[in-house]
Amino acid sequence: MDSRWVGETRSAPFRTVTAPNTPPTISLSTNGTSFTAPASITLTATASDSNGTVSKVDFYRGTTLIGTDTTSPYAVTLTNVAAGTYALSAKATDNVGAVGTSNTVNVTVHAPNPAPTVSLSTNGTLFTAPASITLTATATDSNGTVSTVDFYRGTTLIGTDTTSPYAFTWTNVAAGTYALSAKATDN
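Residues numbered from 1 in each chain as written. Predicted model: local features only at pLDDT ≥ 70, side-chain atom pairs only at ≥ 80, totals over all residues. Heavy atoms only, no water.

1. Comments concerning the overall build of the protein
Phase 1 of the analysis: Tallying secondary structure elements over the protein gives zero helices and 15 strands in all.
Phase 2 of the analysis: The C-alpha radius of gyration of the protein comes to 35 Å, more than 25% above the 16 Å expected for a compact globule of 187 residues.
Phase 3 of the analysis: A buried classification covers 30% of the 187 residues belonging to the protein.
Phase 4 of the analysis: Sequence separation of 24 or more characterises 61% of the internal contacts of the protein that already satisfy a separation of 6 or more.
Phase 5 of the analysis: Summed over all atoms, the accessible surface of the protein reaches about 11600 Å², with 52% contributed by carbon and sulfur.
Phase 6 of the analysis: Put simply, the protein has 8 plus and 10 minus side-chain charges, and the middle of one group is 10 Å from the middle of the other. (Helix = DSSP H or I, 4+ residues; strand = E, 2+ residues; numbered from the N terminus. Rg over C-alpha atoms; globule rule 2.2 N^0.38 Å. Buried < 20%, exposed > 50% of the residue type's maximum accessible area, 1.4 Å probe, protein only. Contact = heavy atoms within 4.5 Å. Areas by Shrake-Rupley, 256 points an atom, 1.4 Å probe, with all protein chains shown as cover. Lys, Arg positive; Asp, Glu negative; His and termini not counted. Charge placed at Lys NZ, Arg CZ, Asp CG, Glu CD.)

2. Notes on the sheet that holds strand E14 (residues 166–173)
Phase 1 of the analysis: Pairing is antiparallel in the open sheet, where three strands are placed in the order E10-E11-E14. Looking at the sheet topology across the chains shown, the edges are occupied by strand E10 (117–122) and E14. Between one strand axis and the next, the sheet turns through 20° on average, direction left out of account.
Phase 2 of the analysis: When E10 meets strand E11 (residues 131–140), the two strands line up antiparallel, connected through six bridges. Bridged to Val-118 within E11 is Ala-139. (Pairing = 2+ DSSP bridges. Axes fitted to C-alpha atoms, helices over the stretch in contact; angles between N-to-C directions.)

3. Here we look at the nonpolar core
Phase 1 of the analysis: The biggest cluster of nonpolar side chains holds 23 residues, and the ones touching the most others in it are Leu-28, Ile-41, Leu-43, Val-57, Phe-59 and Val-109.
Phase 2 of the analysis: The set of elements that each furnish at least two residues to this core consists of strand E1 (25–30), strand E3 (39–48), strand E4 (54–61), strand E6 (74–81), strand E7 (84–94) and strand E9 (105–110).
Phase 3 of the analysis: Per-element accounting of this core gives the leading share, five residues, to E3.
Phase 4 of the analysis: Of all hydrophobic cores here, the second largest spans 14 residues; its members include Ile-133, Ala-137, Ala-139 and Val-146. (Core = buried A, V, L, I, M, F, W, Y, C linked by side-chain atoms within 4.5 Å.)

4. Re the packing of aromatic side chains
Phase 1 of the analysis: One pass over the structure, following the stated rule, counts two aromatic pairs.
Phase 2 of the analysis: Their ring planes at 20° and their centres at 6.2 Å tell us that Phe-151 and Phe-168 sit as a pair that is stacked. In this pair, Phe-151 sits in strand E12 (residues 146–153) while Phe-168 sits in strand E14, placing the two residues 17 residues apart along the sequence.
Phase 3 of the analysis: The exposure class of Phe-151 is buried, given its relative accessible area of 0%.
Phase 4 of the analysis: An angle of 80° between the planes, with centres 5.0 Å apart, marks the rings of Trp-170 and Tyr-178 as edge-to-face.
Phase 5 of the analysis: Classification of Trp-170 by relative accessible area gives buried; the value is 10%.
Phase 6 of the analysis: The class for Tyr-178 is partly exposed, based on a relative accessible area of 30%.
Phase 7 of the analysis: Here the basic side chain of Lys-91 rests over the ring of Tyr-60, its NZ or CZ set 5.3 Å away from the ring centre. (Phe/Tyr/Trp six-rings, centres within 6.5 Å; stacked < 30°, edge-to-face > 60°. Lys NZ or Arg CZ within 6 Å of the ring centre and 35° of its normal.)

5. A word on the pattern of salt bridges
Phase 1 of the analysis: Tallied over the full model, the rule gives one salt bridge.
Phase 2 of the analysis: A salt bridge links Lys-56 to Asp-58, with the nearest nitrogen and oxygen atoms 3.4 Å apart.
Phase 3 of the analysis: Here Lys-56 falls in the partly exposed class, since its relative accessible area comes to 31%.
Phase 4 of the analysis: Take Asp-58: its relative accessible area is 8%, and that puts it in the buried class. (Salt bridge = Lys/Arg side-chain N within 4 Å of Asp/Glu carboxyl O.)

Here it is, written out as C-alpha cells:
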C-alpha cells in the first residue's frame, strides 16, 4: 500500500458543460404590402429567446439598417417612402450576442396616381326657360383610362356618361343662374 494516499481522498476534476447559446427567433410583419408614395410603412417584429433575453431588434431594407428597437413590442415606422420595391427584414440579438434573422417581407410602393383632366363646355351661356343645355366634357388620363364623367349643378349630380365623347343634356331647366361642372374618374 502506498503511504502517500493514506488518509487522503481524491476527487475527479470538476468540469461544467453548458449547452450552446441558441439564437433568438424572430418574425416580421408590416402594415401592408402595397402602398402609394409617399408611403408610411410600419415594421413590427415578434422576437423571443429560449435561453436568454432579446437585447435589440435591428430592421433592414435590403442590407441597409433603417432602425433599431430595444423594447418589446419591437417596431419601426418608415415615412415618406418613395416609389419602388423593397425587401424588408429584421435581426434579433440576444444578451449573449447570438443573432436570429426574420423572414423577408416584400413591399411595393407605387407612384401616386395623377387625377384625370377634364374640361367642360356647353351649347351656350344664355338660354330661355324651359331650356335644354348640352354639357360636353373632354376627359383624359395620363396613366390609364377615364371610366366615368359626372356632371354637376353646384354639388348636385345631374348626369353621368361612361363613354367618350362624354356628354349629357340637362332638360327642362328653370330660369336661374347655375354653376355647372364635370368630374372625371379614372380606372
